[in-house]
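Here's the letter readout for the chains.
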Amino acid sequence: MSVLTPHRHPGLNLGHTDPETHREAEETLFGFWVFLMSDLVLFALLFATYASMLGATDGGPGPRDVFEVSSAALETGVLLLSSLTMGMASIAMKYKEPPHRLYGWLAATLVLGLVFLGLEARDFIKMASEGATPQRSGWLSAFYALVSTHGLHVAAGCVWLALSIVQLAVFGLRSEVKLRIMRLALFWHLLDVVWIFIFSVVYLGGLA
Amino acid sequence: MSVEIDEHEKRRELRSYVVGFAMAVGLTAAALLVVVAGMASSTAYAVIGVAALAQVVVHFRFFLHIGWKRSTRDDLQLILFTTLIIVLMAGGTIWILGNLHHRMM
């Protein structure tokens, strides 16, 4: 229990391990949380569009023709694992573990993020080669809009991860760098939540 | 702050991430199995829906550390408000367009 922290913010709280940064974090992270919630509304509306377009295949390929459960499951596993490594990175940062651990966990998260993007790109290329391109039907347009918006978020998260590693090397574990990594962790965990919905609604729902 | 308290808190937080991860994997696997086993659609939808919602709660609780504690800032209220907006906007969209689709058939 942290005696010094009457207020908590989303994500791992630094608490008494760094009281000064913790006080700063309260406001900064709440502001970022507001952004994340608005981002969630954006995704919800893409989901609503997708749901409205279910069945609008115009005689073209449908979910059963183009989805592969094994590939979607693998992507889910990779993203879940990356959430765990991001959590480990947060803990390594909070408890001032030897720097190579923090670098290691951040690098592992970055690699997993890139593997996820690679798998998704492979899915898209395979779908396109089967004639399932965004312009083929309303359903496919909605599918690509939703899934690639998530993919773009993950790509942005990867850039952010790479920049965090550079900033750590240049500035060390300064307060600002810590706050950025804490926001990155929130962003990354929330993307995982969005993916759970994509996996459940789009992939599993389409194949069930 | 003493080293022992730090160690204790660290172990607790470490466990939180690992437990959250294990639960998330379990719920994903359950939903996946239902689809792979080829269960009847209505049952499958129900299991997938329940597993997905449970998993979202797990992620918020164990990864994003959102709780019922009174000391938690307005984060939980913000989540609930966002949920309301999402239900209104996404639910409303699906309802209206579904109805329209039905009438055009």
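Residues numbered from 1 in each chain as written. Chains lettered and ligands numbered in written order. Predicted model: local features only at pLDDT ≥ 70, side-chain atom pairs only at ≥ 80, totals over all residues.

1. Some details on helix α6 (residues 175–207) of chain A
Residue and element names in this part refer to chain A.
Then comes step 1: Here α6 spans 47 Å end to end across 33 residues, near enough to the 48 Å set by a 1.5 Å rise per residue.
Then comes step 2: Of all the bends found along α6, the most pronounced is centred on F199 and spans about 25°.
Then comes step 3: For α6, the tally of buried residues reaches 25 of 33 residues, placing the bulk of the element in the interior. (Helix = DSSP H or I, 4+ residues; strand = E, 2+ residues; numbered from the N terminus. Expected span 1.5 Å × (residues − 1). Bend = angle between axes of the 7 residues up to and from the residue. Buried ≥ 20, exposed ≤ 12 C-beta atoms within 10 Å, placed from the backbone.)

2. Some thoughts on the confidence of the model for chain A
Then comes step 1: Taken residue by residue, chain A gives an average pLDDT of 92. The fraction at 70 or more is 97%.
Then comes step 2: Within chain A, the element-level pLDDT minimum falls on helix α2 (residues 63–66) of chain A, averaging 91, and the maximum on helix α5 (residues 138–171) of chain A, averaging 97. (pLDDT = per-residue confidence, 0-100.)

3. Topic: the nonpolar core
Then comes step 1: Membership of the largest hydrophobic core comes to 77 residues, with the highest contact counts inside it found for F47(A), L146(A), A185(A), L186(A), V194(A) and A31(B).
Then comes step 2: Taken together, the elements giving at least two residues each to this core come down to α1 (19–53), α3 (69–94), α4 (99–129), α5 and α6 of chain A together with α1 (3–36) and α2 (41–63) of chain B.
Then comes step 3: Ranked by the residues each element gives to this core, the list is headed by α6(A), at 19 residues.
Then comes step 4: The residues touching F47(A), leaving out its near neighbours within four places in the chain, are L146(A), F197(A), V201(A) and A90(B). (Core = buried A, V, L, I, M, F, W, Y, C linked by C-beta atoms within 7 Å. Contact = placed C-beta atoms within 7 Å.)

4. Structural notes on the interface of chain B and chain A
Then comes step 1: If you look at the interface, chain B gives 40 residues, while chain A gives 41 residues.
Then comes step 2: Only α1, α2 and α3 (75–104) of chain B provide two or more residues apiece to the side of chain B that touches chain A.
Then comes step 3: Tallied by class, the residues present in the side of chain B that touches chain A amount to 26 nonpolar, 9 polar and 5 charged. (Nonpolar A, V, L, I, M, F, W, Y, C, P; charged D, E, K, R; others polar.)

5. Structural notes on the packing of α4(A) against α5(A)
Residue and element names in this part refer to chain A.
Then comes step 1: One can describe the packing of α4 onto α5 by two numbers: an axis separation of 10 Å at closest approach and a directional angle of 155°. One element, α4, and the other, α5, form an angle in the roughly antiparallel class. α5 is crossed by α4, and the crossing has left-handed handedness. Along the contact surface, α4 presents L102, Y103, L106, A107, T109, L110, G113, L114, F116, L117 and E120, while α5 presents G151, V154, A155, G157, C158, L161, A162, S164, I165 and L168.
Then comes step 2: Its residues assigned to classes, the contact of α4 with α5 comprises 15 nonpolar, 5 polar and 1 charged. (Axes fitted to C-alpha atoms, helices over the stretch in contact; angles between N-to-C directions. Parallel < 35°, antiparallel > 145°, perpendicular 65-115°, else oblique. Left-handed = near helix turned anticlockwise from the far one by under 90°.)

6. A word on unusual backbone geometry
Then comes step 1: Positioned with a positive phi, D58(A) is a non-glycine residue whose angle comes to about 55°.
Then comes step 2: Tracing the sequence through the fold places D58(A) in the loop between α1 and α2.
Then comes step 3: Judged by C-beta crowding, with 10 C-beta atoms within 10 Å, D58(A) ranks as exposed.
Then comes step 4: Backbone geometry at H65(B) places phi at a positive 55°, although glycine is not the residue there.
Then comes step 5: Of note, H65(B) is situated in the loop between α2 and α3.

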